[in-house]
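# Understanding the architecture of this molecule
Given next are the chains, with one letter for each unit.
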Amino acid sequence: MERPFQVLTEREEKSSVAIASNESFSRWTRTFTDPRLCAAIVERLTVAGNIIETGTDSYRLAQTRARAEQAG
């Protein structure tokens, strides 16, 4: 789990990073289960970053849910 942090740390010194997520930062602990590591990753991304919230649902997630409903 430390690898994403290492990549972000190295990358921020060289160029931009773009990340897309359907989860709010508060839910990132589901993926990055170490709370300190998760906080460090969020901090690295937000300290000098631009956050763009589209306010839209994921197209892929909607399609997956629709298929699950049809199958169920």
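One structure accompanies this document, and this report is about it. (Residues numbered from 1 in each chain as written. Predicted model: local features only at pLDDT ≥ 70, side-chain atom pairs only at ≥ 80, totals over all residues. Heavy atoms only, no water.)

Helix and strand counts for the chain stand at three helices and zero strands. Over its C-alpha trace the chain gives a radius of gyration of 15 Å, far above what one expects of a compact globule, namely 11 Å for 72 residues. The principal-axis extent of the C-alpha atoms belonging to the chain is close to 45 × 25 × 20 Å. Relative to its 72 residues, the chain shows a buried fraction of 12%. When the accessible surface of the chain is split by element, carbon and sulfur atoms take 48% of a total near 6400 Å². Placing the 10 positive and 10 negative side-chain charges of the chain at their respective mean positions leaves the two points 5 Å apart. (Helix = DSSP H or I, 4+ residues; strand = E, 2+ residues; numbered from the N terminus. Rg over C-alpha atoms; globule rule 2.2 N^0.38 Å. Buried < 20%, exposed > 50% of the residue type's maximum accessible area, 1.4 Å probe, protein only. Areas by Shrake-Rupley, 256 points an atom, 1.4 Å probe, with all protein chains shown as cover. Lys, Arg positive; Asp, Glu negative; His and termini not counted. Charge placed at Lys NZ, Arg CZ, Asp CG, Glu CD.)

This next bit is on the layout of surface pockets. Its boundaries defined by the atoms lining it, the largest pocket holds a volume of some 1100 Å³. What lines the largest pocket is a set of 32 residues, and nearest its centre among them are Ile19, Ala20, Ser21, Ile51 and Ile52. Contributions of two or more residues to the lining of the largest pocket are made by helix H1 (2–12), helix H2 (35–46) and helix H3 (59–71). For the lining of the largest pocket, the residue count by class is 14 nonpolar, eleven polar and seven charged. (1 Å grid on protein atoms, 1.4 Å probe; cavity = no way out; pocket = protein on both sides within 12 Å on 5 of 7 lines; lining within 4 Å. Points joined across faces, edges and corners; volume = space filled by probe spheres on them. Nonpolar A, V, L, I, M, F, W, Y, C, P; charged D, E, K, R; others polar.)

Time to look at the packing of aromatic side chains. Applying the stated criterion to the full structure yields two aromatic pairs. Each ring, one from Phe25 and one from Trp28, has its centre 5.0 Å from the other, and the planes form 75 degrees; the classification is edge-to-face. Between Trp28 and Phe32, the aromatic rings sit 6.0 Å apart at their centres with planes inclined by 50 degrees, giving tilted as the arrangement. (Phe/Tyr/Trp six-rings, centres within 6.5 Å; stacked < 30°, edge-to-face > 60°.)

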